[in-house]
Amino acid sequence: MNASSVGTDRPTARSRALFELAGEHLAGGVGSGTRSPRAGWKPHPLFVDHASGSRVIDVDGNEYIDYQMGQGPLILGHRPRAVIDAVTRTISERGSMFALCHDLEGQAAAAIAERVPSMELVRLGNSGTEVVSYALRFARAFTARTTVLRFEGQYHGWSDGIHWSAHPTLEEAGPLGRLSITPSSSGIPPQLSETLIVAPWNDTDALERIFAERGSEIAAAITEPIMGNGGGLMPAPGYLERLRELTTEHGALLIFDEVLTGFRVAPGGAQELLGIRPDLTTLAKTLGAGFPVAAFGGRREIMEMAVDGRTMHGGTYNSSPLACAAVIAALHESGKPGFYDELLARGRRLADGLAALAQAHGLPACWTGVGSMFQLWFGDPPPTDYRSAQRLVQSSPFPAFFEEMLRRKVLLQPPQEGLFLISGAHTDEDIAWTLVLAEEAMPAVADAVREGRVGPTGGVR
Ligand SMILES: Cc1ncc(COP(=O)(O)O)c(C=O)c1O
């Protein structure tokens, strides 16, 4: 195969015109900050006409191989037939929402609990942010404590209570021994910092210190078990095991935020892959394979606090028939034999191939994550926490790689600390073609390094 046969011409006039038009009434012309020029979509975002399988087609007729997969949910690809059919049948024959009980709620909860046994009881919601907020509330209610331990660089949604130290500059973040707790948006009440402890991730000594000093105050430690926000950073051997032990010893709960890793890295999420059982888990993204639905759940005695109303959980749109039909169909599809083996192997082939191509062009390279969710780094050794990732980001030619791949119609997340997200719809041919295009792109990436055109693409959020 020869990539030059497709050329690198990418007309975008219609996207530009729609962006300008949208900006007349839609703030910034985008529906979320991650889609903005500020986040790396320069000079303007592309506007999608439609999508199918592994492909996105923009309004100018460019067809891209998509590796950003809706920022994670599209584990079955775009418009998966079985899920679309189940949802459209449900809403046309029964209704889209009742805010009343129906049979699909229990079925969706059972399908989740079967795949994630630590989620003995489940409640559904609509977004990752929402279910994380609820998990924190339930943890605080159950332990009758207030303080939550979170980790620098992780993202748990945008709510005031937890959106702290998610993407601080290294100056803001403070020295390693004395991390500052920094709000990740203006408008967050500063008093909420008193409810949090921020720790560096993958640092067992820091954990030991924090629990020795403040263990009796901690309601819960919340962590992404694999740090997807940060580039798929893996926990060091023994790290999460020690976190599990320390939380148990000190009467705190362990919350795994599996909004990104759930039903993506293994049939039962990161907790299955890593063999650790948290007290509470949050899920969203892949749960509905593209429909807006989320869940939290865990130990029976914690979730039972919702049963007698001690701890409030509600929501008009919770577990609508639309959302439940999506969950049941999505989990059925990804539960088919061999789904994860193939998905992970295909992604690993791409990750290995990309790192080898970069190295062949004289660039230091490695990858982090697992096959279905990984990042290529122009550096070595692989980052292990927010700070080591940020050091690589500062000297990375990733913006040039992103741009060269986009010109060749491969859609990536713009930041170096983003992710390649693979779906069951990506084929062996997609992977092979992507590697052909990446080989063509690498000389320009090597030039960017020589010319010092390196650094961050834009904010992650
Ligand atoms: C680990 C994690 N938690 C929570 C969230 C927030 O989810 P949502 O965007 O559905 O509110 C995200 C979103 O990227 C996430 O990656």
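Conventions adopted
Residues numbered from 1 in each chain as written. Predicted model: local features only at pLDDT ≥ 70, side-chain atom pairs only at ≥ 80, totals over all residues. Heavy atoms only, no water. Buried < 20%, exposed > 50% of the residue type's maximum accessible area, 1.4 Å probe, protein only. Helix = DSSP H or I, 4+ residues; strand = E, 2+ residues; numbered from the N terminus. Arc of directions from axis to C-beta. Near = heavy atom within 4 Å. Polar contact = N/O pair within 3.5 Å; in protein donor to acceptor, adjacent residues only side chain to side chain. Nonpolar A, V, L, I, M, F, W, Y, C, P; charged D, E, K, R; others polar. Pairing = 2+ DSSP bridges. Salt bridge = Lys/Arg side-chain N within 4 Å of Asp/Glu carboxyl O. Axes fitted to C-alpha atoms, helices over the stretch in contact; angles between N-to-C directions. Left-handed = near helix turned anticlockwise from the far one by under 90°. Contact = heavy atoms within 4.5 Å. Domains from an automatic or database assignment. Buried area = accessible area lost by both parts, 1.4 Å probe. Core = buried A, V, L, I, M, F, W, Y, C linked by side-chain atoms within 4.5 Å. Parallel < 35°, antiparallel > 145°, perpendicular 65-115°, else oblique.

Caption draft 1: View of helix α1 (residues 13-22). The set of residues buried in α1 consists of S15, F19 and A22. Take α1 and look down its axis: the buried residues cluster within an arc of 70°, on one side only. Among the exposed residues of α1, those oriented more than 90 degrees off its buried face are R14, E20 and L21.

Caption draft 2: Representation of the site of the ligand in the model. For the ligand, the set of nearby residues contains 13 residues, the closest of which are G128, T129, N229, D257 and K285. Taking G128, its main chain carries an N or O atom lying 2.8 Å from an oxygen atom of the ligand. Within the side chain of T129, an N or O atom sits 2.6 Å from an oxygen atom of the ligand. Counted by class, the shell around the ligand contains three nonpolar, six polar and four charged residues.

Caption draft 3: Representation of the pairing of strand β9 (residues 280-283) in the model. Where burial is concerned, the two faces of β9 agree: the one with L280 and T282 and the one with T281 and L283 are both buried. Sheet analysis places strand β8 (residues 253-257) next to β9, joined by three bridges and oriented parallel. Bridge pairing in β9 places I255 opposite L280. The pairing of β9 with strand β10 (residues 294-298) spans four bridges and is antiparallel. The residue bridging L280 from the neighbouring strand is G298, located in β10.

Caption draft 4: Inspection of the pattern of salt bridges at higher detail. Per the counting criterion, the structure on display carries 22 salt bridges. Among the salt bridges present, the one from E63 reaches R55, with a minimum N-O distance of 3.3 Å. Taking relative accessible area as the criterion, R55 reaches 25% and is therefore assigned partly exposed. Across the salt bridge formed by R94 and D103, the nearest N and O atoms sit 2.8 Å from each other. Exposure remark for D103: the relative accessible area of 40% places this residue in the partly exposed category. Taken together, the shared-partner salt bridges in this structure form one network comprising E208, R242, E245 and E249.

Caption draft 5: Representation of the packing of helix α3 (residues 103-115) against helix α10 (residues 321-334) within the structure. Put simply, α3 and α10 touch, their axes get as near as 9 Å, and they point 35° apart. α10 is crossed by α3, and the crossing has left-handed handedness. Each of L104, E105, Q107, A108, A111, I112 and R115 in α3 lies in contact with α10, whose residues at this interface are P321, C324, A325, V327, I328, L331 and S334. When its residues are assigned to classes, the contact of α3 with α10 shows 10 nonpolar, two polar and two charged.

Caption draft 6: Representation of the domain arrangement of the chain in the model. Domain parsing of the chain yields domain 1 (9-78 + 338-450) and domain 2 (81-334). For domain 1 versus domain 2, the separation of C-alpha centres amounts to 26 Å. Taken residue by residue, the interface counts 29 residues in domain 1 and 38 residues in domain 2. Overall, the association of domain 1 and domain 2 removes approximately 2,600 Å² of surface from exposure, summing both partners, and the carbon and sulfur fraction of that is 62%. For the pair domain 1 and domain 2, the number of links is one salt bridge. Linking R387 and E152 is a salt bridge whose minimum nitrogen-to-oxygen distance equals 2.8 Å. The tally of links from domain 1 across to domain 2 stands at 16 residue pairs in polar contact (both at pLDDT 80 or more). In terms of residue class, the side of domain 1 that touches domain 2 is made up of 17 nonpolar, nine polar and three charged.

Caption draft 7: The sheet that holds β10, seen in detail. Taken together, seven strands build an open sheet; the order of strands is β4-β10-β9-β8-β7-β5-β6 and the sheet is mixed. Two strands close off the open sheet at either side, each with one partner strand: β4 (121-125) and β6 (196-199). Across the sheet, the mean angle separating the axes of adjacent strands is 20° when strand polarity is ignored. With five bridges joining them, β4 and β10 adopt antiparallel strand pairing. Looking at the pairing, R123 lines up with F296 of β10. Along the sheet, α3 contacts β4, β9 and β10; its crossing angle with β4, the most-contacted strand, is approximately 120°. Its contacts with the sheet place helix α7 (residues 239-249) against β5 (147-151), β7 (218-223) and β8, and it is angled at close to 140° to β8.

Caption draft 8: Molecular detail of the sheet that holds strand β13 (residues 410-411). Pairing in this open sheet of four strands is mixed, and the strands run β1-β2-β3-β13 from one edge to the other. The sheet terminates laterally at β1 (48-52) and β13, the two strands that pair on one side only. Note: strand β3 (residues 63-66) against β13, two bridges, orientation parallel. Bridging from a neighbouring strand, D66 pairs with L411 of β13.

Caption draft 9: Expanded view of the nonpolar core. Ranked by internal contacts, the top residues of the largest apolar core, which has 78 residues, are I112 and F401. Each of domain 1 (9-78 + 338-450) and domain 2 (81-334) contributes no fewer than three residues to this core. Ignoring sequence-local partners within four residues, the contact set of I112 consists of M119, V122, L124, L283, L287, A295, V327 and L331.

Caption draft 10: Structural context of the packing of helix α11 (residues 339-360) against helix α14 (residues 428-450). Running from N to C, α11 and α14 point in directions that differ by 15°, and their axes come no closer than 10 Å. Taken together, α11 and α14 sit at an angle that is classed as roughly parallel. With respect to the hand of their crossing, α11 and α14 are arranged in right-handed fashion. Taken together, the residues of α14 that come into contact with α11 (itself represented by R346, R349, L350, G353, L354, L357 and A358) are D428, I431, T434, L435, A438, E439 and M442. Looking at side-chain class alone, the contact of α11 with α14 contains eight nonpolar, two polar and four charged residues.

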